[in-house]
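# Summary of structural features
This is what each chain is made of:
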Amino acid sequence: MSTQDDKDQVTRQDRLIEHSYDGIQEYDNPMPRWWLLTFAGTILFAVIYLLNVGPVGNGKGRIADYEDDLKTFANAHPTPTGAVSANKLLAMVKDRKERHEGEELFKKYCVSCHRMDAGGLIGPNLTDNAWIHGGQVTDIYTTVMNGVLEKGMPAWSTMLETEEVEQVVAYVASLQGSNPANPKAPQGTPVTP
Ligand code: HEC
């Protein structure tokens, strides 16, 4: 702080403001200049930010910014078309390597609700032949992709790559009839694969 500032501070501080509330009087104690400049700076930044110009945004406005982000996200996570090939999934069920990848994914993302052995916890038992949303591989794929949001089953299309969903579905399908101990009671209708 310069000496000029210091001196200003002293003389300003000494100035008693006229008014008196409940017998209390105040000194005129203004904010220091560096503070006021910072404050003005934030207002200036807010205006620049609002108008989305120059280095702060892409210059096209915040809505365009947001839509750009959405597009980038959608490209990275394509929504399922439902056009998954049952034959491809069934081949993956038989493929040890794909099943193994699926198992790793299952352990990472699904066990918290479906249990380590898929016997069911918050989510249903995935090893029995009763299915709420259909038990064909393509049905399982659709359920995993879209989730059942109102029941607490997340939509994995937004979190996993399509290939990863296929792998985890292949793993789930391979667990049919694995009979884990203490399974959750069957939910849904029995399906013959
Ligand atoms: C936050 C908890 C949660 C997680 C994590 C979760 N699920 Fe689920 N899942 C559920 C619930 C709850 C249901 C039952 C939905 C219903 O009642 O309609 C369900 C249902 C399912 C179904 C349909 C079962 C049927 O009977 O039709 C499949 C298949 C499934 N989950 C697979 C998975 C896979 C694979 C993962 C991991 C990638 C996973 N879930 C992760 C909660 C979860």
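Placed above this text is the structure.
About the criteria used
- Residues numbered from 1 in each chain as written.
- Predicted model: local features only at pLDDT ≥ 70, side-chain atom pairs only at ≥ 80, totals over all residues.
- Heavy atoms only, no water.
- Axes fitted to C-alpha atoms, helices over the stretch in contact; angles between N-to-C directions.
- Helix = DSSP H or I, 4+ residues; strand = E, 2+ residues; numbered from the N terminus.
- Left-handed = near helix turned anticlockwise from the far one by under 90°.
- Contact = heavy atoms within 4.5 Å.
- Nonpolar A, V, L, I, M, F, W, Y, C, P; charged D, E, K, R; others polar.
- Phe/Tyr/Trp six-rings, centres within 6.5 Å; stacked < 30°, edge-to-face > 60°.
- Patch = residues over 30% accessible without salt bridge, like charges linked within 9 Å, V, L, I, M, F, W, Y side chains within 5 Å.
- Areas by Shrake-Rupley, 256 points an atom, 1.4 Å probe, with all protein chains shown as cover.
- Salt bridge = Lys/Arg side-chain N within 4 Å of Asp/Glu carboxyl O.
- Lys, Arg positive; Asp, Glu negative; His and termini not counted.
- Charge placed at Lys NZ, Arg CZ, Asp CG, Glu CD.
- Buried < 20%, exposed > 50% of the residue type's maximum accessible area, 1.4 Å probe, protein only.
- Donors = N, O, S within 2.8 Å, 3.2 Å for Na, K, Ca; no water.
- Tetrahedral: all angles 85-135°; square planar, octahedral: opposite > 155°, others 65-115°.

A few words on the packing of helix α4 (residues 86–94) against helix α8 (residues 162–174). Viewed as axis vectors pointing N to C, α4 and α8 meet at an angle of 65°, and their least axial separation amounts to 8 Å. For the pair α4 and α8, the crossing hand works out as right-handed. Between α4, through K88, L89, M92 and V93, and α8, the contact on the second element is made entirely by E163, E166, Q167, V169, A170, A173 and S174. Here the residues of the contact of α4 with α8 sort into six nonpolar, two polar and three charged.

Note on aromatic pairs: each is described by the distance of the centres and the angle between the planes. Under the criterion given, the structure shown has four aromatic pairs. With a centroid separation of 5.6 Å and 55° between ring planes, the pair formed by Y109 and W156 is classed as tilted. Placement of Y109 in helix α5 (residues 96–109) and of W156 in the loop between α7 (137–146) and α8 is noted, with a sequence separation of 47 residues between them.

A cluster of acidic residues, E101, E104, E161 and E163, forms a negative patch on the protein surface. With respect to the element layout, E163 can be found in helix α8.

What follows deals with the pattern of salt bridges. By the definition in use, this model includes three salt bridges. Here E166 and K88 are joined by a salt bridge, their closest N and O atoms 3.0 Å apart. Separated by 78 residues along the polypeptide, E166 in helix α8 and K88 in helix α4 bring together distant segments of the chain. E166 sits in the buried class, given a relative accessible area of 7%. When its relative accessible area of 42% is taken as the criterion, K88 is described as partly exposed. Of the charged contacts in the structure, one is a salt bridge between R115 and D117, with a shortest N-O distance of 2.9 Å.

Distances from the iron atom of the ligand to its protein donors, H114 (NE2) and M153 (SD), fall at 2.0 to 2.1 Å. Around the iron atom of the ligand sit six donor atoms; with metal-centred angles ranging over 87 to 179°, the donor geometry is octahedral. Linking H114 in helix α6 (residues 111–114) with M153 in the loop between α7 and α8, this pair joins segments that are 39 residues apart in sequence. Comparing H114 with M153 shows no difference in burial state: the two are buried.

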